[in-house]
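Spelled out, the chains give:
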There are 2 protein chains.
Amino acid sequence: MKNYKPKNRLSAQNYIDGVLQGDRVILSRAITIIESNLESDKVLAKAIIQHILPHSGKSIRIGITGVPGVGKSTFIEAFGKYLIDQGHRVAILSIDPSSQRSKGSILGDKTRMEDLSGMEQAYIRPSASGDTLGGVANKTAESMLLCEAAGYDVILIETVGVGQSETAVHGMTDFFLLLMLAGAGDELQGIKKGIMEMADMVVINKADGDNIRQSERARIQYQNALHIFPESASGWSPVVTTASSTQNIGMDVVWEEISKYKLLVNENQYFETNRNRQKINWMYDTINEEIKHLFYGSKSISEQLPKLEQQIISSEISPVQAAQDILERFKNTVFHS
Amino acid sequence: MKNYKPKNRLSAQNYIDGVLQGDRVILSRAITIIESNLESDKVLAKAIIQHILPHSGKSIRIGITGVPGVGKSTFIEAFGKYLIDQGHRVAILSIDPSSQRSKGSILGDKTRMEDLSGMEQAYIRPSASGDTLGGVANKTAESMLLCEAAGYDVILIETVGVGQSETAVHGMTDFFLLLMLAGAGDELQGIKKGIMEMADMVVINKADGDNIRQSERARIQYQNALHIFPESASGWSPVVTTASSTQNIGMDVVWEEISKYKLLVNENQYFETNRNRQKINWMYDTINEEIKHLFYGSKSISEQLPKLEQQIISSEISPVQAAQDILERFKNTVFHS
């Protein structure tokens, strides 16, 4: 299956030219190649990435997260339209490692962004599918480079605030935006611990109608709370603001703050330092994922693990001992074969 | 060097018996074996751990962190003495991967805990030394098991709140306590992002004399801030309290809250679930560290990395491509040798 070579592929040069000219159809087809697991496509993807690399990077990359129900799609639609009105070209990507299982990613249902998806200056791409978060994140990050080479100067990368994918998104963006609701129960707010401290900005969404006063109270509460957080390496103090995506209120403030952030981090050179760090980490994360895969992908290893877990829980064997036993087995099979 | 066999070693059974009888001298010597990198000691360590394993676990494990200057040693001395007054036996360990370089770990200077170190019911052990956080943490976690087997029912594990070691301590304890100061500048508070969200309890230390009112204000501020954090899997809402270690004020409240926590997590079974999860993670963390070591420990790999980093930063090569190139090299040297 992996050696099958699809007939409808263009040459690498065709994809590169098309992407650099901002051709949306070619861009989509190039991303499909990036996402593909076929061996022949991987060779093509490598050539495409290698050539567009010097043309990438010229954008502000914004991570957007928040639990289901917070109004992420509506916010992105309103914010994206605002940015386009200001003359920007906006690409919207998402990371959702669960999309394969749930048979539909966050952005899978493009109709939820009806206005935006019809606009020439917007490019919307649902989450890549894949078995591992690392794989999915890699594909999204490479797609991001392609979108930049195609001239999109604002990249929005969306994720759901309930899992590990936030760390991945945080690791590939310049600015991290967390959507919250005022007065929602703990269940609804159910974002993972640690995500709050990543936020450069918290937007209290659905601040309209009867909800305005409550949202303002929540804004003050969050702002006070964020003040006691340890300072960011960027030198930026996180801001809290309110917005109504359905009423198109507050989009200007969100963008204004992001622009202030950009000024600050350009000046103190955190922007470049951070981007370089992210690129280096990207290599190491990929290596670490792959060497783990070499180990856990081995059948003789994976068969042993559940048994060892049981023995650890019943205190028959120490965790370190269990690790050493299985590593011994790994070294014997791999190194002496 | 590694094959050198020290002459002053006892038999495994001697160590096991001594530890189970609560003999502090034997306990210390057993921990020295756990910490040793000699091959002969590793065999001995394995036998000791294997036998004391069923006798371990019967304690509450408390992680304590806070930046230098917050008064950690003084707090631990006051809190330890309070616990001993209540009839407990207290073991104090620490994790400080930097101890080797700085030629002295947090607890290296035992004289800072003069009273406590003289007490029969207290056992104080400075941080193990080692090159990697994983290695140091493993040794501390195994020492903890030995202390439990020796009858210490409260284990305090100290670390400095400025690095990665907090995650390691959080991963091996039941309760995580963060020491802070009222009105300290950002520099002094300089704990790492993410640590705040791990805390089950924040103690505003040095709440005495002129500092009392300010500490009370800080307490309210932190308490309000922690309320908006996502809820813990334990079902516990983090508490903030004030204390004066030099005046022995507030130690009862700290212990009362930890006891409440213990009741809660025993009832909702989080205690056991969490301990089992920690044990399983311990195995996986050890495996993952070791397979990384297999890769990065290879000279032909480590020599290439700085060059690749440079090429990535100058956009000559994509991070994923760089990772794939070096993984190819690794597979060729390891698998086909």
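Residues numbered from 1 in each chain as written. Chains lettered and ligands numbered in written order. Predicted model: local features only at pLDDT ≥ 70, side-chain atom pairs only at ≥ 80, totals over all residues. Heavy atoms only, no water.

(A) View of the overall build of chain A. When its secondary structure is counted, chain A shows 15 helices and seven strands. Taking 2.2 N^0.38 as the reference for a compact globule, 337 residues should give roughly 20 Å; the C-alpha atoms of chain A span a radius of gyration of 22 Å, in line with that estimate. On the principal axes, the C-alpha backbone points of chain A span a range of 65 × 55 × 40 Å. Taking all 337 residues of chain A together, 54% fall into the buried category. The contacts of chain A with a sequence gap of at least 6 include a subset with a gap of at least 24, amounting to 75%. Summed over its atoms, the accessible surface of chain A is roughly 15000 Å², and 50% of this surface lies on carbon and sulfur atoms. Across chain A, 35 positive and 40 negative side-chain charges occur, with their mean positions spaced 6 Å apart. (Helix = DSSP H or I, 4+ residues; strand = E, 2+ residues; numbered from the N terminus. Rg over C-alpha atoms; globule rule 2.2 N^0.38 Å. Buried < 20%, exposed > 50% of the residue type's maximum accessible area, 1.4 Å probe, protein only. Contact = heavy atoms within 4.5 Å. Areas by Shrake-Rupley, 256 points an atom, 1.4 Å probe, with all protein chains shown as cover. Lys, Arg positive; Asp, Glu negative; His and termini not counted. Charge placed at Lys NZ, Arg CZ, Asp CG, Glu CD.)

(B) Main features of the relation of the copies chain A and chain B. Of the transformation superimposing chain A on chain B, the axial component is 0.0 Å and the angular component is 180°, with the fit at an RMSD of 0.1 Å. Such a turn and shift between the copies fits a two-fold axis. Measuring from the rotation axis to each C-alpha of chain A, the shortest distance belongs to A225 of chain A, at 2.2 Å. The overlap is high: 100% of the interface residues of chain A also sit at the interface in chain B, so the same surface is used on both sides. (Least-squares fit on C-alpha atoms with pLDDT ≥ 70 in both.)

(C) Structural context of the pattern of salt bridges. All names here are of chain B. Per the stated rule, a full pass over the model turns up 18 salt bridges over all chains. In this structure, R125 engages E35 in a salt bridge whose closest nitrogen and oxygen atoms are separated by 3.0 Å. Of this pair, R125 sits in the loop between β3 (122-124) and α6 (133-149) while E35 sits in helix α2 (residues 24-35), and the two are 90 residues apart along the sequence. In this structure R125 comes out as buried when scored by relative accessible area, which is 13%. (Salt bridge = Lys/Arg side-chain N within 4 Å of Asp/Glu carboxyl O.)

(D) Structural detail: the interface of chain A and chain B. Taken together, the contact pairs 57 residues of chain A with 57 residues of chain B. When chain A packs against chain B, the two sides together hide about 5700 Å² of surface, and 68% of this comes from carbon and sulfur. In terms of surface lost to chain B, no three residues of chain A exceed K193, E197 and I228 of chain A, which account for 12% of the buried area on that side. Where chain A meets chain B, there are zero salt bridges. (Buried area = accessible area lost by both parts, 1.4 Å probe.)

(E) Spotlight on the sheet that holds strand β3 (residues 122-124) of chain A. Residue and element names in this part refer to chain A. Taking strand neighbours across the sheet as the criterion, the seven strands line up as β3-β2-β4-β1-β5-β6-β7 in an open arrangement whose pairing is parallel. In this open sheet, the two edge strands, each paired with only one partner strand, are β3 and β7 (239-242). On average, each strand axis in the sheet is inclined to that of its neighbour by 20°, with strand direction left out of account. As paired elements, strand β6 (residues 201-205) and β7 share four bridges and run parallel to each other. Looking across to β7, one finds that I204 is bridged to T242. (Pairing = 2+ DSSP bridges. Axes fitted to C-alpha atoms, helices over the stretch in contact; angles between N-to-C directions.)

(F) Region of the structure containing the side chain of S36 of chain A. As for its placement among the helices and strands, S36 of chain A is situated in the loop between α2 (24-35) and α3 (39-52). With residues up to four places along the chain from it excluded, the contact list for S36 of chain A reads D41 and K42 of chain A.

(G) Spotlight on the nonpolar core. Core analysis: the largest hydrophobic core is formed by 111 residues, its most contacted members being L27, L146, C147 and M196 of chain A together with L27, L146 and C147 of chain B. For L146 of chain A, the residues in contact, after removing those within four places along its chain, are V19, L27, A30, I31, I34, I48, I49 and I52 of chain A. (Core = buried A, V, L, I, M, F, W, Y, C linked by side-chain atoms within 4.5 Å.)

(H) Main features of the sheet that holds strand β5 (residues 175-181) of chain B. Residue and element names in this part refer to chain B. Strand order in the open sheet formed by seven strands is β3-β2-β4-β1-β5-β6-β7, with parallel pairing between adjacent strands. Taken across any chain shown, the strands that pair with only one partner, and hence form the sheet edges, are β3 and β7 (239-242). Strand-to-strand twist of the sheet, defined as the mean angle between neighbouring strand axes without regard to direction, takes the value 20°. Helix α4 (residues 72-85) contacts β1 (60-65), β2 (90-94), β3, β4 (154-158), β5 and β6 (201-205) of the sheet and is inclined by roughly 180° relative to β4.

(I) Just the environment of I301 of chain A, in detail. Residues and elements named next belong to chain A. Looking at the secondary structure, you find I301 in helix α13 (residues 299-302). Residues I301 and M113 lie 188 residues apart in sequence; the distance between their C-alpha atoms is 45 Å. Those residues in contact with I301 that sit more than four places away from it in its chain are F295, I326, R329 and F330.

(J) Molecular detail of unusual backbone geometry. Of note, Q269 of chain A is a non-glycine position whose phi angle comes to about 65°, a positive value. Along the polypeptide, Q269 of chain A turns up in the loop between α11 (251-267) and α12 (270-296). For Q269 of chain A, a relative accessible area of 54% corresponds to the exposed category. At N248 of chain B, a residue that is not glycine, the phi angle is positive and equals roughly 55°. As for its placement among the helices and strands, N248 of chain B is situated in the loop between β7 and α11 (251-267).

(K) Spatial organisation of helix α10 (residues 212-227) of chain B. Residue and element names in this part refer to chain B. With 16 residues, α10 ought to run about 22 Å at 1.5 Å a step, and its terminal C-alpha atoms sit 23 Å apart, in line with that. Three or more residues of α10 are buried, namely S215, A218, Y222, Q223, A225 and L226. Each buried residue of α10 sits inside an arc of 160° when the element is viewed along its axis, so together they form one side. Relative to its buried face, α10 has exposed residues pointing more than 90 degrees away, namely R213, R217 and H227. (Expected span 1.5 Å × (residues − 1). Arc of directions from axis to C-beta.)

(L) View of the confidence of the model for chain A. Residue and element names in this part refer to chain A. Summing up the model confidence of chain A, the mean pLDDT is 88 and the portion of residues at 70 or higher is 91%. Within chain A, helix α5 (residues 99-102) has the poorest average pLDDT of any element, 47, and α11 the best, 98. Segment residues 100-105 is flagged for pLDDT under 50; beyond a separation of four residues in sequence, or across chains, it makes nine contacts in the model. With a pTM of 0.85, the predicted complex shows an ipTM of 0.85. (pLDDT = per-residue confidence, 0-100.)

(M) Molecular detail of α3 of chain A. Residue and element names in this part refer to chain A. Relative to the 20 Å expected for 14 residues at 1.5 Å per residue, α3 spans 20 Å between its end C-alpha atoms, a close match to the ideal helical length. For α3, the set of buried residues is D41, L44, A45, I48, I49 and I52. End-on, the buried residues of α3 take up no more than an arc of 130°, which puts them together on one face. Those residues of α3 that are buried are in contact with α1 (12-20), α2 and α7 (133-149).

(N) Seen up close, the pairing of β4 of chain B. All names here are of chain B. Most of β4 sits inside the fold, with five of its five residues counted as buried. By the alternation rule, side chains of β4 split into V154, L156 and E158 and I155 and I157, which are all buried. Bridge analysis of β1 against β4 gives five bridges, and the strand direction is parallel. Residue pairing across strands places G63 opposite I157, the latter belonging to β4. With five bridges joining them, β2 and β4 adopt parallel strand pairing. Within the sheet, the bridge partner assigned to A91 lies in β4 and is I155.

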